[in-house]
Amino acid sequence: MQPEEIRQVLLDILARIVPDEDLSTLRDDVAFREQIELDSMDFLDIVMELRKQYRVQIPEEDYPNLATMGGAVTYLVPLMKDVKAPA
Amino acid sequence: MRYDTVIIGAGLSGLAAGIRLAHFDRRVCLLERHTTIGGLNSFYRLRGRTHDVGLHAVTNYNPKGSKSGPLPRILRQLRFSWDDFGFSPQVSSKISFPGVTLRFSNDPGLLESEIALRFPGEIEGFRRLVKFVEDQPWGTAFPTSMTARGTLAEYLRDPLLIEMLLYPVLFYGSAAPHDVELTQFLILFRSIYRDGFARPYEGVRRILSVLVKRFRHLGGEIRLRSGVQAIESRSGKAVAVVLDDGTRIEADTILSSAGSVETARLCEAGLSEDVANGDSPAIPSQVPGELTFFESIAMLDRPPAELGIPETTMFYCGTPRFRYQNPGEPCNVDSGVICSPNNFAYELPLPESTLRLTVMANNRFWFERPSEEDYQEQKRIWRERIFAAALSHIPDFRPNIVDIDTFSPRTIRKYTGHHNGCVYGSPHKQWDGTTHLSNLFLCGTDQGMLGIVGAMFSGISMANKHVLGSQG
Ligand SMILES: Cc1cc2nc3c(=O)[nH]c(=O)nc-3n(C[C@H](O)[C@H](O)[C@H](O)COP(=O)(O)OP(=O)(O)OC[C@H]3O[C@@H](n4cnc5c(N)ncnc54)[C@H](O)[C@@H]3O)c2cc1C
């Protein structure tokens, strides 16, 4: 997957976790938590959805990399380079 | 047979835990002894009408679009939208003591203004109390020695106000008599006075059918009429459950919503050879709860509001001090809760008119009736006494009754398996859900969260913490 596709994957996951949030104005360089209501249970869900849908394993010590959209995409690019984008 | 996780009990906590696990592709099976799902909050049909078992009001309600609080978190965690449960908010409720009434609703401002009016000297203290409650992050755990009464006394001086505020809090969730641990008080205070009450038009059926449909859709299995009689363990680990018919089911993890005393008994029943050799940890003794209720469901020929009973719930007490305890007599007729499923802000009126009256009951009296005739007769006698006593607080509704059903602690024990027929479980909650076995966890009432929203929250958090989280 390309960075832009990974970003879309993350947006799709967020849209399912927080269906009532407006994600169209989400900024890549600001922490998710400062822009949308996301508690630690929800945050864990991003990790678990990535594992469920794309078999990506993210160790706990790497969670801080996922704090912003930009950081998450950068972190996931090498892990997801061989994963096919969803149809 | 083998599953990743077996869940004992298809009540609200078990169903919510099951959905979480099935969503993340765990092979999960819900085992339920009863012929139907729902546990303490199920529904049944009698003489052509459907009754909710327990539902007075869904506490912890937040309106659509709220972002914090347990209900929005449950919806997000289970991937439901606001409209799936179809909640309608309450109209308003009241707490009625001799000579004083406090009204409250889903708007916290109402209670505040009522206190300012009736207890002007206490309003500053009340505001500070509310601030203290709101400043604690949801689920903050305090030492068990800290209780509601101790905390209330720091903010309020008038004993009557303290009694009045505590009454709904204890009635809607305390497993201990007279008082409740601070940790739980904070949860209950918010669930009643800050969040509020709601109900789906269709009652608890709506909630249960939404949950069970989702669970099945995700590939989860439910087996009804499948009571667990024993949990087998080896070297400190649960290995399998044995059903009443002898079927043995293995699982990596077991979640039990049967209660802590009840679960300990299942473990005892499943003790194997190696325990005799000292290979397994001892089963700690659990403290059973003993608070339970007697409830009458009166079907009326017209909506309660037309009879002068417009409140969603009404907590009444005929004495300046209430007795939240197992009463010496079969039922405590002085105080109780009157509520009506009709008194919510629905778009359409409900087709049936119902009034529910709930009081505290002595479980032993109701368990020990010598015959079925005597049991029925006692139910009738006590129901009439309760109705007569309630008439100091509401207009006479008795001429308008068209049908009536009454359940006792015996009914609760029969249908949920809870020791003593108790509704709020053991007074000693196990907040982290752990047991003496490394892969057996409690969820629901005895983990600490109760009520419909609380039980679902408990199931979700125990599934996250002990099953999904632990597997990386
Ligand atoms: C009269 C009454 C009124 C209530 N009113 C309200 C209200 O107005 N609002 C509100 O929010 N809450 C209310 N509640 C509380 C609420 O119903 C409970 O807190 C909640 O349903 C508890 O869910 P649970 O999953 O923890 O436990 P339970 O509902 O007790 O579920 C446990 C399940 O496990 C099953 N089980 C037990 N042992 C075994 C076994 N060995 N093998 C297989 N299955 C087993 C039981 O049959 C049961 O189905 C009320 C309860 C009652 C009884």
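Draft legend 1. Layout of the overall build of chain B. Tallying secondary structure elements over chain B gives 14 helices and 18 strands in all. Taken against the 2.2 N^0.38 rule, which gives 23 Å for 472 residues, the C-alpha radius of gyration of chain B at 22 Å falls within 12% of a compact globule. Projected onto its principal axes, the C-alpha positions of chain B cover 65 × 55 × 45 Å. Split into buried and exposed, the 472 residues of chain B put 60% on the buried side.

Draft legend 2. Geometry of the pairing of strand S16 (residues 353-361) of chain B. Residues and elements named next belong to chain B. Extensive coverage of S16 is indicated by the burial of nine of its nine residues. The pairing of strand S15 (residues 335-339) with S16 spans three bridges and is antiparallel. Across the sheet, residue Cys339 finds its bridge partner in S16, namely Arg356.

Draft legend 3. Looking closely at the nonpolar core. Grouped together as the largest cluster of nonpolar side chains are 58 residues, with contacts concentrated most on B:Ile115, B:Phe126, B:Leu156, B:Phe171, B:Phe185, B:Tyr193 and B:Tyr324. The biggest single contributor to this core is helix H6 (residues 159-171) of chain B, with nine residues. Summarising the domain contributions, this core has at least three residues from each of domain 2 (106-196) and domain 3 (290-423) of chain B. Other than its neighbours up to four places away in sequence, B:Phe185 contacts B:Ala148, B:Leu152, B:Leu166, B:Val169 and B:Val180. Counting residues in each nonpolar core, the second largest holds 50 residues, with A:Met41, A:Met48, B:Ile452 and B:Phe457 among its members.

Draft legend 4. Looking closely at the site of the ligand. Residues and elements named next belong to chain B. Surrounding the ligand, one finds 35 residues, the nearest of these being Ser13, Glu32, His56, Ala57 and His418. At 3.4 Å, a backbone N or O of Leu12 approaches an oxygen atom of the ligand. Here an oxygen atom of the ligand sits 2.8 Å away from a polar atom, N or O, in the main chain of Ile452. Compared with its free state, where it exposes 1,000 Å², the ligand has 97% of that area covered by protein. When residues of the shell around the ligand are traced back to their parent elements, those giving at least two are helix H1 (12-23), helix H13 (409-416) and helix H14 (451-468). By residue number, the principal contributor to the shell around the ligand is H14, which donates three residues. Class assignment of the residues belonging to the shell around the ligand gives a composition of 15 nonpolar, 17 polar and three charged. Both domains that furnish three or more residues to the shell around the ligand are identified here as domain 1 (2-82 + 201-287 + 425-471) and domain 3 (290-423).

Draft legend 5. Summary view of the pairing of strand S13 (residues 292-300) of chain B. Residues and elements named next belong to chain B. The buried fraction of S13 is high, at nine of nine residues. Neither face of S13 is open: one carries Thr292, Phe294, Ser296, Ala298 and Leu300, the other Phe293, Glu295, Ile297 and Met299, and all of them are buried. The pairing of S13 with S16 spans nine bridges and is classified as antiparallel. Looking across to S16, one finds that Phe293 is bridged to Met360. For S13 and strand S17 (residues 401-407), the ladder comprises six bridges, and the chain directions are antiparallel. By the bridge assignment for S17, Ser296 is matched with Thr406.

Draft legend 6. The pattern of salt bridges, seen in detail. Here the structure, examined in full by the defined rule, presents 38 salt bridges over all chains. Note that B:Arg302 is salt-bridged to B:Asp301, the shortest N-O span being 3.1 Å. Through salt bridges that share partners, A:Arg16, A:Asp45, A:Glu49, B:Arg20 and B:Arg79 make up one connected network.

Draft legend 7. Structural view of helix H9 (residues 260-269) of chain B. In terms of burial, H9(B) is a largely internal element, seven of the 10 residues being buried. Contacts made by the buried residues of H9(B) are with strand S1 (2-8), strand S10 (228-234), strand S12 (248-256) and strand S18 (440-442) of chain B.

Draft legend 8. Local environment of the domain arrangement of chain B. All names here are of chain B. In terms of domains, chain B is made up of domain 1 (2-82 + 201-287 + 425-471), domain 2 (106-196) and domain 3 (290-423). For domain 1 and domain 3, the distance between their C-alpha centres works out to 28 Å. Between domain 1 and domain 3, the contact holds 23 residues from the first and 27 residues from the second. For the domain 1 face of the interface with domain 3, the top three residues by lost area are Arg49, His56 and Tyr201, together amounting to 34%. The interface formed by domain 1 and domain 3 holds three salt bridges in total. Linking Asp403 and Arg47 is a salt bridge whose minimum nitrogen-to-oxygen distance equals 2.9 Å. In this assembly, domain 1 and domain 3 are joined by 13 residue pairs in polar contact (both at pLDDT 80 or more). If you list the elements that add at least two residues to the side of domain 1 that touches domain 3, you get strand S3 (43-46), strand S4 (49-52) and H9. When its residues are assigned to classes, the side of domain 1 that touches domain 3 shows nine nonpolar, nine polar and five charged.

Draft legend 9. Summary view of unusual backbone geometry. All names here are of chain B. With a phi close to 45 degrees, Arg47 is a non-glycine residue in the positive phi region. Among the structural elements, Arg47 can be located in the loop between S3 and S4. You can call Arg47 exposed: its relative accessible area is 54%. In this structure, Arg79 takes a positive phi of about 60 degrees despite not being glycine. Mapped onto the secondary structure, Arg79 falls in the loop between helix H2 (70-78) and strand S5 (87-89).

Draft legend 10. Geometry of the confidence of the model for chain B. For chain B, the mean per-residue pLDDT works out to 94, and 98% of the residues sit at or above 70. The ipTM, which scores confidence in the relative placement of chains, is 0.83 for this predicted complex, and the corresponding pTM is 0.92.

Draft legend 11. Structural detail: the interface of chain A and chain B. Every contact between the two is made by 16 residues of chain A and, on the other side, 19 residues of chain B. In this assembly, chain A packs against chain B so that about 1,600 Å² is buried in total across both faces, 47% of it on carbon and sulfur atoms. Looking at the side of chain A facing chain B, the largest losses of area belong to A:Met41, A:Met48 and A:Lys52, adding up to 32% of the total buried there. Our enumeration of links across chain A and chain B arrives at seven salt bridges. Where chain A touches chain B, the interface holds eight residue pairs in polar contact (both at pLDDT 80 or more). At the level of secondary structure, the elements contributing two or more residues to the side of chain A that touches chain B comprise helix H1 (3-17) and helix H3 (40-54) of chain A. Top contributing element to the side of chain A that touches chain B by residue count: H3(A), with seven residues. Class assignment for the residues of the side of chain A that touches chain B results in four nonpolar, one polar and 11 charged.

Draft legend 12. Molecular detail of the sheet that holds strand S7 (residues 100-104) of chain B. Residue and element names in this part refer to chain B. Spatially, S7-S6-S14-S15-S16-S13-S17 is the arrangement adopted by the seven strands of the open sheet, whose pairing is mixed. Looking at the sheet topology across the chains shown, the edges are occupied by S7 and S17. Looking at each pair of strands side by side, their axes are set apart by 15 degrees on average, direction ignored. As paired strands, strand S6 (residues 93-97) and S7 are joined by five bridges and run antiparallel to one another. Bridge pairing in S7 places Phe97 opposite Val100.

Cut-offs applied
Residues numbered from 1 in each chain as written. Chains lettered and ligands numbered in written order. Predicted model: local features only at pLDDT ≥ 70, side-chain atom pairs only at ≥ 80, totals over all residues. Heavy atoms only, no water. Helix = DSSP H or I, 4+ residues; strand = E, 2+ residues; numbered from the N terminus. Rg over C-alpha atoms; globule rule 2.2 N^0.38 Å. Buried < 20%, exposed > 50% of the residue type's maximum accessible area, 1.4 Å probe, protein only. Pairing = 2+ DSSP bridges. Core = buried A, V, L, I, M, F, W, Y, C linked by side-chain atoms within 4.5 Å. Domains from an automatic or database assignment. Contact = heavy atoms within 4.5 Å. Near = heavy atom within 4 Å. Polar contact = N/O pair within 3.5 Å; in protein donor to acceptor, adjacent residues only side chain to side chain. Areas by Shrake-Rupley, 256 points an atom, 1.4 Å probe, with all protein chains shown as cover. Nonpolar A, V, L, I, M, F, W, Y, C, P; charged D, E, K, R; others polar. Salt bridge = Lys/Arg side-chain N within 4 Å of Asp/Glu carboxyl O. Buried area = accessible area lost by both parts, 1.4 Å probe. pLDDT = per-residue confidence, 0-100. Axes fitted to C-alpha atoms, helices over the stretch in contact; angles between N-to-C directions.

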